[in-house]
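Letter by letter, the chains look like this.
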Amino acid sequence: MGLKNVILAGLCCALMCGPGMVSAQSGSKARRLAVPCPPVIANKNDGIMRSTGPRGSSGPYYCYRSTAQAKKGGFTSVATAKDKDYTGWYRVVLTITKNTCDPNPPAGGPVLFLEVKQNSAGVFGQFCPSIGSFSGIRSGGGLVMSALSNFTQAPQDSMCDDGKVQRHQYLELTKVVDGATGFSAKYTQVESCPTASSNATCTRQYSGVAFYETHTIWPVVSEDLNQLAPNCNTALTRCVECHPELG
């Protein structure tokens, strides 16, 4: 490519590929502020060049004239994202998208509160009302957590011969550009029979949004992970009037 394109590629890389790069996110605000990219962008760190295509974009990337413009478009620097602490309370509004567990599944989906503690070991969570304690890691602009629990049902009402069911749960929150406190949420439950002769399994899948809570009613998240569940009980008692469906 010509000298002009090399210079433009370097400028684009300074914004998107270098140490001070801006995290790529999508959204109408980002598109409004973005400028056309050069035909090719090149990453001096990994030696890879990418064609930006006829519309001047390369995959998930946007080009900006400055970091200030990129921030106005809803993007966050790598340094800021790296330092993000997800400790706090989140309101998670879910809609069920798949259900092979319940013969008469309820319409819509639940509204849950999620208490999160982040420390050097990872991220830890507690859904309120309680459906298990979660643990996991930060992932990109969000977090991924899982939980494993066991419970017993009456055998005649259970898919498992002996009524003993194991539930695997997976939760993923991914940062959304429009709104600094918004996340997209994916939540999955997979149930199986760990001890019975039956090999039956079933799945519930939910999708929705999660919002960071700023109300003063929420208990301070304790450094002691054993206090996540008691905090959950306190929170639901305080918030029953504002969310009657949780009572």
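Refer to the structure above for everything that follows.
From a predicted model like this one, the values you see are computed outputs, not experimental measurements. (Residues numbered from 1 in each chain as written. Predicted model: local features only at pLDDT ≥ 70, side-chain atom pairs only at ≥ 80, totals over all residues. Heavy atoms only, no water.)

Focus: the overall build of the protein
Inclusion rule: A helix here means a DSSP run of H or I that spans at least four residues, while a strand means a run of E at least two residues long, and both kinds are numbered starting from the N terminus. A simple rule labels every residue: compare its accessible area, found with a 1.4 Å probe on the protein chains alone, to the largest value its type can have, and call it buried under 20%, exposed over 50%, or partly exposed in between. Contact criterion: two residues are considered in contact whenever any of their non-hydrogen atoms come within 4.5 Å of each other. Accessible areas in this description were obtained via Shrake-Rupley with a 1.4 Å probe; residue shielding takes into account the shown protein chains only.
Within the protein, the secondary structure is distributed over 5 helices and 10 strands. Looking at the protein as a whole, 38% of its 247 residues qualify as buried. Excluding contacts between residues fewer than 6 apart, the proportion of contacts in the protein whose partners are at least 24 apart in sequence is 57%. When the accessible area of the protein is evaluated, it comes to approximately 13,700 Å², of which 54% is carbon and sulfur surface.

A look at the pattern of salt bridges
Note the threshold: Salt bridge criterion: a side-chain nitrogen from Lys or Arg within 4 Å of a carboxyl oxygen from Asp or Glu.
In total, this model carries 5 salt bridges according to the counting rule given. In this structure, arginine 91 and glutamate 213 form a salt bridge, with 3.1 Å as the shortest nitrogen-oxygen distance. In this pair, arginine 91 sits in strand 3 (residues 88-99) while glutamate 213 sits in the loop between strand 10 (201-212) and helix 5 (228-239), placing the two residues 122 residues apart along the sequence. Exposure remark for arginine 91: the relative accessible area of 25% places this residue in the partly exposed category. Under the relative-accessibility criterion, glutamate 213 is labelled buried at 9%. The partner of glutamate 223 in a salt bridge is lysine 117, and the shortest N-O contact between them spans 2.9 Å. Placement of glutamate 223 in the loop between strand 10 and helix 5 and of lysine 117 in strand 4 (residues 111-119) is noted, with a sequence separation of 106 residues between them. In this structure glutamate 223 comes out as exposed when scored by relative accessible area, which is 62%. With a relative accessible area of 6%, lysine 117 lands in the buried category. Three or more residues are tied together by salt bridges with common partners; here these are Asp102, Arg167, Glu191 and Arg204.

Some points on the environment of proline 129
Along the chain, proline 129 falls in the loop between strand 5 (122-128) and strand 6 (133-139). Separated by 103 residues in the primary sequence, proline 129 and cysteine 232 have C-alpha atoms spaced 7.3 Å apart.

So, the packing of aromatic side chains
Aromatic ring pairs are defined here through the distance separating the ring centres and the angle between the ring planes. This is how the line gets drawn: Any two rings among Phe, Tyr and Trp, with Trp reduced to its six-membered ring, count as a pair given centres within 6.5 Å; such a pair is stacked if its planes are under 30 degrees apart, edge-to-face if over 60, and tilted if neither.
Evaluation of the coordinates by the stated rule reveals 8 aromatic pairs. Ring geometry for tryptophan 89 against tryptophan 218: centres 4.8 Å apart, planes inclined by 20 degrees, an arrangement best described as stacked. Of this pair, tryptophan 89 sits in strand 3 while tryptophan 218 sits in the loop between strand 10 and helix 5, placing them 129 residues apart in sequence. Here tryptophan 89 and tryptophan 218 have matching classes, each one buried. Aromatic side chains tyrosine 90 and tyrosine 212 sit 5.4 Å apart centroid to centroid with 75 degrees between the ring planes, which places their arrangement in the edge-to-face category. A residue pair is termed long-range when its members are at least 10 positions apart, and tyrosine 90 in strand 3 and tyrosine 212 in strand 10 qualify at 122 residues. Look at tyrosine 90 and you get buried, because its relative accessible area is 1%. Counting every residue linked through ring pairs, the aromatic cluster contains Tyr86, Tyr90, Phe183 and Tyr212.

Some thoughts on the state of the cysteines
How we decide: When the sulfur atoms of two cysteines come within 2.5 Å, that pair is taken as a disulfide.
The final tally for this structure, using the stated rule, is 3 disulfides. With its sulfur 2.1 Å from that of its partner, cysteine 101 forms a disulfide with cysteine 202. Of note, the bridge from cysteine 101 to cysteine 202 carries an S-S torsion of about 100 degrees and is right-handed in sense. On the criterion of sequence distance, the pair formed by cysteine 101 in the loop between strand 3 and strand 4 and cysteine 202 in strand 10 is long-range, its members being 101 residues apart. The buried category is assigned to cysteine 202, whose relative accessible area is 4%. In this model cysteine 128 forms its disulfide with cysteine 232; the gap between the sulfur atoms is 2.1 Å. In this pair, cysteine 128 sits in strand 5 while cysteine 232 sits in helix 5, placing the two residues 104 residues apart along the sequence. As far as burial versus exposure is concerned, cysteine 128 and cysteine 232 are alike and both buried.

As for the nonpolar core
Inclusion rule: Note on terminology: a nonpolar core comprises buried Ala, Val, Leu, Ile, Met, Phe, Trp, Tyr and Cys residues joined through side-chain atoms within 4.5 Å.
Counting residues in each nonpolar core, the largest one holds 20 residues, and the members touching the most others are Leu114, Phe127, Met145, Leu171 and Leu173. Secondary-structure elements contributing two or more residues to this core are strand 3, strand 4, strand 5, strand 7 (142-152), strand 8 (164-175), strand 9 (182-192) and strand 10. With residues up to four places along the chain from it excluded, the contact list for phenylalanine 127 reads Val92, Leu112, Phe113, Leu114, Gly132, Phe134, Leu171, Tyr187 and Cys232. Membership of the second largest hydrophobic core comes to 10 residues, among which are Phe124, Trp218, Cys232 and Leu236.

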